[in-house]
Every structure is written in C-alpha cells, then in structure tokens.
Amino acid sequence: MQAGACTACELYRHATQTVFGEGPITASVVLLGEQPGDHEDRAGRPFVGPAGAVLDRALADAQLDRRAIYVSNVVKHFKFVRSGKVRLHQKPNAAELRACRPWWEAELAAIQPHVVCCLGATAAQAVLGSRVRVTRDRGRFVPLPFGPMATVTIHPSAVLRADDRHRTVLYDGLVADLSAVAAHVSDT
Ligand code: URA
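Source: prediction; values computed, not measured. (Residues numbered from 1 in each chain as written. Predicted model: local features only at pLDDT ≥ 70, side-chain atom pairs only at ≥ 80, totals over all residues. Heavy atoms only, no water.)

Would you take a moment to explain the environment of arginine 87 for this structure?
Relative to the helices and strands, arginine 87 resides in strand 4 (residues 86-89). Setting aside anything within four residues of it in sequence, one finds arginine 87 in contact with Thr16, Asp38, Asp41, Arg42, Phe78, Phe80, Val81 and Arg82. A polar contact is formed between the side chain of arginine 87 and the side chain of aspartate 38, at a distance of 2.8 Å. A polar side-chain atom of arginine 87 sits 2.8 Å from a polar atom in the side chain of aspartate 41. (Helix = DSSP H or I, 4+ residues; strand = E, 2+ residues; numbered from the N terminus. Contact = heavy atoms within 4.5 Å. Polar contact = N/O pair within 3.5 Å; in protein donor to acceptor, adjacent residues only side chain to side chain.)

Would you mind showing me how to read the sheet that holds strand 2 (residues 70-73) here?
In any sheet, the strands associate via hydrogen bonds between backbone groups, in a parallel or an antiparallel arrangement. Strand order in the open sheet made by the five strands is 2-1-5-7-6, with mixed pairing throughout. At either margin of the open sheet sits one strand with a lone partner, and together these are strand 2 and strand 6 (142-143). In the sheet, strand 5 (residues 115-119) pairs with strand 7 (residues 149-153) via five bridges, with the strands oriented parallel. Across the sheet, cysteine 118 pairs through a bridge with valine 152, a residue of strand 7. Contacts between helix 3 (residues 94-111) and the sheet are confined to strand 1 (29-33), strand 2 and strand 5, with strand 2 contributing the most and set at about 165° to the helix. Across the sheet, helix 7 (residues 164-187) touches strand 1, strand 5 and strand 7, and the angle it forms with strand 7 is around 165°. (Pairing = 2+ DSSP bridges. Axes fitted to C-alpha atoms, helices over the stretch in contact; angles between N-to-C directions.)

I'm lost on the site of the ligand in this one. Help?
Neighbouring the ligand are the residues Gly33, Glu34, Gln35, Pro36, Gly37, Glu40, Pro46, Phe47, Asn73 and His155. The backbone of phenylalanine 47 places a nitrogen or oxygen atom 2.9 Å from an oxygen atom of the ligand. In this structure, a nitrogen atom belonging to the ligand sits 2.7 Å away from a side-chain N or O atom of asparagine 73. (Near = heavy atom within 4 Å.)

Scope: geometric values only; no functional claims are made or implied.
Quick look at the structure:
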C-alpha cells in the first residue's frame with residue numbers, strides 16, 4: 001500500500017511503521033483518532049493499546065460493534081520524543097496534519113460512511129476546521145462537503161488521564177456520544 005511508503009512529512013523517519021485504518025469497507029461509521037500511540041506503532045494497528053481498551057468498552061456500552069466500524073487516525077505515524085526507555089506522544093503539527101490529509105480523505109472516499117466520529121480535538125479540527133470545540137460541539141451532527149455527517153467526542157485517552165473524580169463522567173460522556181452515533185446510523 002502506498003501509505004506504507006509515505007514520506008510526505010518527517011514522521012516516517014522515527015516511527016516503526018505506517019498505521020493505516022482497519023475495518024470493513026462497508027462500514028457505516030468511521031472513527032478517527034489523532035495518531036497511533038506506542039502500542040499501535042509496534043502492532044501496526046489503530047487503537048490496540050490502553051486508549052483502544054477504553055474505546056472498545058465504550059463502543060460495547062454504546063451498542064456499537066467495533067468489527068462493523070472502520071477505525072483510523074488523521075495522522076498515520078507515531079510522533080514521539082524519547083524519555084529514557086519510554087516514547088512520549090507529541091501532538092502533530094499543522095504541516096504533518098496537512099501531509100496526512102489525503103490518506104484519511106481517501107479512506108472516507110472509499111468507505112463512504114454515514115457518520116464520521118472524530119475522537120478528540122486534533123481529529124475534530126483536522127476534519128471540521130480550527131473553530132470546532134469538542135466540549136461545545138460534541139453530540140452535534142454536521143454534513144461534510146463530501147457526503148457523510150461528522151460529529152465529535154472526547155479522545156478515549158482523556159478518560160485514562162482523568163483523576164478518579166472525573167473519570168466516570170468523562171467515560172459516560174464518551175458512551176453517550178457514541179450512543180448518539182449508533183442512533184444516527186440506525187435512523188439512516
Ligand atoms: N490514540 C489515537 O489517537 N489513535 C490510536 O490509534 C491510538 C491512540
């Protein structure tokens with residue numbers, strides 16, 4: 001696959017591999033995260049690490065079957081800095097997001113889902129523009145110029161980062177937003 005050899009930005013130099021999306025071509029829902037994390041970079045698959053575990057649980061609680069969903073990221077290489085033995089996630093910059101845009105646009109063009117759900121601010125802003133705000137705009141559905149409806153929710157890693165007091169509220173909000181996605185596709 002061409003994305004596997006992509007050198008459109010510098011991120012390929014240090015990442016283990018390109019992590020492309022996965023799921024059925026017939027999916028009516030596409031989930032877009034930010035970029036592969038440490039686990040995903042090693043495995044070559046999206047959302048298979050701790051954030052993926054939160055996502056899997058939230059999808060099940062929202063009555064969505066991950067096997068019927070296409071899961072991907074707006075950036076296909078892991079961006080990190082080393083700190084001793086750990087590789088710490090770094091946010092992709094505007095040029096990196098721009099360089100990767102043709103890949104997720106091609107994924108959406110091939111799949112033609114009913115709904116694209118952006119997980120977190122980076123994916124939301126990549127798809128819907130810099131003015132979108134997850135806390136204000138979550139749960140709303142807006143049409144994209146190229147067909148599907150788009151909606152936004154928090155990134156599952158926000159649940160992992162939250163303290164005990166906020167974790168349940170954040171998780172329940174994620175499930176509520178994913179349940180709205182489930183309701184939306186069942187209506188179409
Ligand atoms: N975070 C993301 O945004 N995507 C992944 O695939 C894993 C963690």
